[in-house]
Amino acid sequence: MIDHTTPTASGNAEHRADSAAPNGHPHAAPGWVPPPPPFGAAGRTGPIPPPPDEGPPPTSGGWKAAAEEKDRREAEAKAAEEAAKAARESARAAGGDRKAREGRKHRDAFVESLKASGYKGRKPKQVAEALGRLTHLWPDWLIRGEMSMLKSPPKHGKTRTYLSLIKAMHRDDAWPDGAPNEHVGAKALILPYDKNTLEIEEELERLGIQDAVTIPNDPEDETGSRVFDLEDERLPLTIEYLVDDDPSYKLLVVDTLTYASNLSLNKPDEMKRMLDPLMDVATRKGLSLLVLIHQNAQGGALGRRILERARILWSLERLNEGDIEHLRLKVDETNLPRRPALLVTHAEAGVEFSPAYDDGSRPAEAEDAFARWLVGYLRGRDEAPSYYDVLKAAGPERVGEADADGRPKNRRILDRAVKRINRGAPSLADLGRIRIAEDPRTLPGRTKPLTYYTVRSLDADDAVAAFARVALVPGPPTPWEEVASTYDRWASEEGRPPVAPSEVRSGVVAARPDAAGRFCRLSLVPAPTTTEAAPPTPPPAPPPDPDSPLEQARRIMAQRAAARAAAEPVAPTPEPIVEEVSEPAPEPVAPAAKLPRLIKAGLDCFPGLHPELRPDHRGGWTLRLLGVPGHVPVSIPGHLSPADQADRIDLICQMAEEAMPPAESGDRDQSF
């Protein structure tokens, strides 16, 4: 038989035959059968030897022992792993028990110390006495031991502004708003995280206060330009050391918070790590903390969690985007009394402060001239104009030429003029008590609302309210034009100010909300009858213009009526028939309450025409004007909306009323 292959030095296979081995293999157990030859090896003589790396086929006893040895080793490894795990858990439990015992001992000792000292807590008054009561460095702007924050867009002059404030604190007897300065000679510590030390030095030299400012830099830095980050524990120690050495330091400025740390401005835990050490040292040493922060695109502070830590929030903004020298410094958020805003003007010698006059008392010739034009423009409009309508009507002479975006360069003058009018600027006292109402509306296709403007006279509102109380009573609706003309007559008799029709309507609705609608839902009080001679007969009206739109509409309607009359058979009845009816006519709508509200209101405006509406078989209406001789019934299609039906009925009634002779007209007495 062929034995398994044994490699030789020459690399050739050497076979050894052993005919005495059972089944042709010297190590084979009884009953062992060699594996069959692989596919395609049928021409070979004898079985295929096993691969060299697998070794000889195991005997029955050796295979079983190997399996048992493997199981034993796996079991021992598993048992050792479980024993090690149990030992670790036991050690952990022992350590936890030890820590728990130590914690309990510490808590017990702490409680015993409280009992021994007779601890009762402290009242807020005692804490305030220990820390020092709430004192102001700059009244209602800077508080000692608290944080104020100044936000503005980049390149608006935050650094120059606070350096000029330091000059006022160090040299002047009063702050820029006139508040007394009780800390003349005080100094400031600045943390220039914006890497603007050279700019600060130039401004300090220009102001002449080089000795009033110190930078708490890293003592290991030879240049002195490196400053500890806010989360570095060495920073509060350095600040505390400097204040202990020179108690005249009263202000600590962070310029700016955006670059003061690697921590996030949007996470509360990281904001706490960043600001708490600085606020603690400010509280202990009585420093006022002023933090500068950039403004985001929405106008808020850059970082959602910043405003939660500031007690007072300042803002620095330009009066006009085209003017970089004049800005407004004001307090946006505080729980203290608000101080007047300050006008910040950048000059060669530094920043100059003056009152901003947000109440409108500051003279402004351009804004006042635009305000007077705006009031006249709005009073001459029947409908409220939009923001773009006002700017277009103002023209380049008032709002400037258009810039690259197509918008007027001086468009902000509209907002300033409206603000001055509504705040009652003394220079606009000749306009009277007026207000400009701003109505933002979201139009289709626009994502931002568009502002519409209307003018309201407070004096006129009182007059219109008095008119509405005495001249309007419940009854059929009245056109607003008739109400406005009646007010004009009443105002001339009573000595009241004249009011535009749009103001009459808004004033009446404000005084009588039940009058709101397309028509005034109230009736005018009829004028009292008198025995005076009737007024002279007015001269005859001039003949109508045949080319006017009204005459053209009349001719078209007459042609259509004649065509329908010629095409349809005439029934033997005294009344003309509009169309051929193949089924019984529906019953007329007797109760007027079943008519749509808009249609009923329109019919009530023409009682002299005696209008009558009947439903037709197509879902529409048939309008008959019984008070008009020879009137041809008109069909109102049913597919129209009630508003469109009311408009069509109103047009037909107006045309019929104008076509009637004056003696036959059913107009009401419109005098008051």
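Values in this document were obtained by computation on a predicted structure and should not be read as measured data.

Basis of the calculations
Residue indices follow the written sequence of each chain, beginning from 1 at its first position. Only residues with pLDDT of at least 70 get local features here, since the model is predicted, and only at 80 or more are side-chain atom pairs given and counted; chain-wide, interface and lining totals rely on the full set of residues. Hydrogen atoms and water are omitted, and side-chain values are computed over all heavy atoms in the structure. Put simply, DSSP marks the helices as runs of H or I at least four residues long and the strands as runs of E at least two long, and each gets a number from the N terminus on. The rule is simple: take the accessible area with a 1.4 Å probe, protein chains only, and divide by the maximum for that residue type; under 20% is buried, over 50% is exposed, in between is partly exposed. We call two residues in contact whenever any of their non-hydrogen atoms come within 4.5 Å of each other. The protein chains shown are the only cover counted for residues, whose accessible areas, like all others here, come from Shrake-Rupley with a 1.4 Å probe. To define axes, lines are fitted to C-alpha atoms, for helices over the stretch in contact only, and angles between the resulting N-to-C directions are given on a 0 to 180 degree scale. Oblique is the label for any angle not covered by the other classes, which are roughly parallel (under 35 degrees), roughly antiparallel (over 145) and roughly perpendicular (65 to 115). Throughout, a crossing is termed right-handed when the near helix is turned clockwise from the far one, and left-handed when it is turned anticlockwise from it by less than a right angle. Throughout, nonpolar core names a set of buried Ala, Val, Leu, Ile, Met, Phe, Trp, Tyr and Cys residues whose side chains join them through atoms within 4.5 Å. Within this scheme the basic residues Lys and Arg register as positive and the acidic residues Asp and Glu register as negative, but His and the chain ends are omitted. Any carboxyl oxygen of Asp or Glu within 4 Å of a side-chain nitrogen of Lys or Arg constitutes a salt bridge here. In the analysis that follows, any N or O atom pair within 3.5 Å is treated as a polar contact, provided that within protein one partner can donate a hydrogen and the other can accept it, and provided that, for residues neighboring in sequence, both atoms belong to side chains.

(A) Fine view of the overall build of the chain. Secondary structure assignment for the chain yields 16 helices and 20 strands. Per-residue burial over the chain gives 35% buried out of 672 residues. Contacts in the chain between residues at least 24 apart in sequence constitute 61% of all its contacts with a sequence separation of at least 6. Just so you have it, the chain exposes about 40,300 Å², and 54% of that area is on carbon and sulfur atoms.

(B) The packing of helix H5 (residues 234-245) against helix H6 (residues 268-285), seen in detail. The N-to-C vectors of H5 and H6 enclose an angle of 20°; their axes lie 9 Å apart at closest approach. If you check the angle between H5 and H6, you find them roughly parallel. Pair H5 / H6 crosses with right-handed handedness. Of the residues in H6, those in contact with Leu235, Pro236, Ile239, Glu240, Val243 and Asp244 of H5 are Pro277, Leu278, Val281, Arg284 and Lys285.

(C) Region of interest: the nonpolar core. The biggest cluster of nonpolar side chains holds 37 residues, and the ones touching the most others in it are Trp138, Tyr162, Ile166, Leu251, Leu290, Trp314 and Leu329. The dominant element in this core, judged by the number of residues it contributes, is helix H3 (residues 158-171), at 5 residues. Apart from residues no more than four positions distant in its own chain, Ile166 is found in contact with Ala188, Ile190, Ile209, Ala212, Val213 and Leu251. Formed by 32 residues, the second largest nonpolar core is a distinct cluster that contains Met149, Leu235, Leu287 and Val291.

(D) Here's a closer look at the side chain of Asp255. Structurally, Asp255 is set in strand S8 (residues 249-255). Although buried, Asp255 forms no salt bridge, and the nearest oppositely charged side chain, Lys158, lies 6.7 Å from it. A distance of 3.0 Å separates the side chain of Asp255 from the side chain of Tyr162, its partner in a polar contact. Filtering out sequence-adjacent residues up to four positions away, Asp255 remains in contact with Thr159, Tyr162, Leu191, Pro192, Tyr193, Asp194, Asn196, Ile200 and Leu292.

(E) Region of the structure containing the pattern of salt bridges. Within this structure, the stated rule accounts for 22 salt bridges. One salt bridge in this structure joins Asp368 and Arg420, with 3.0 Å as the shortest N-O distance. In this pair, Asp368 is assigned in helix H7 (residues 365-379) and Arg420 in helix H10 (residues 412-422), connecting sequence segments 52 residues apart. Ionic contacts of the salt-bridge type, sharing partners, join the residues Glu69, Arg72, Arg73 and Glu76 into one network.

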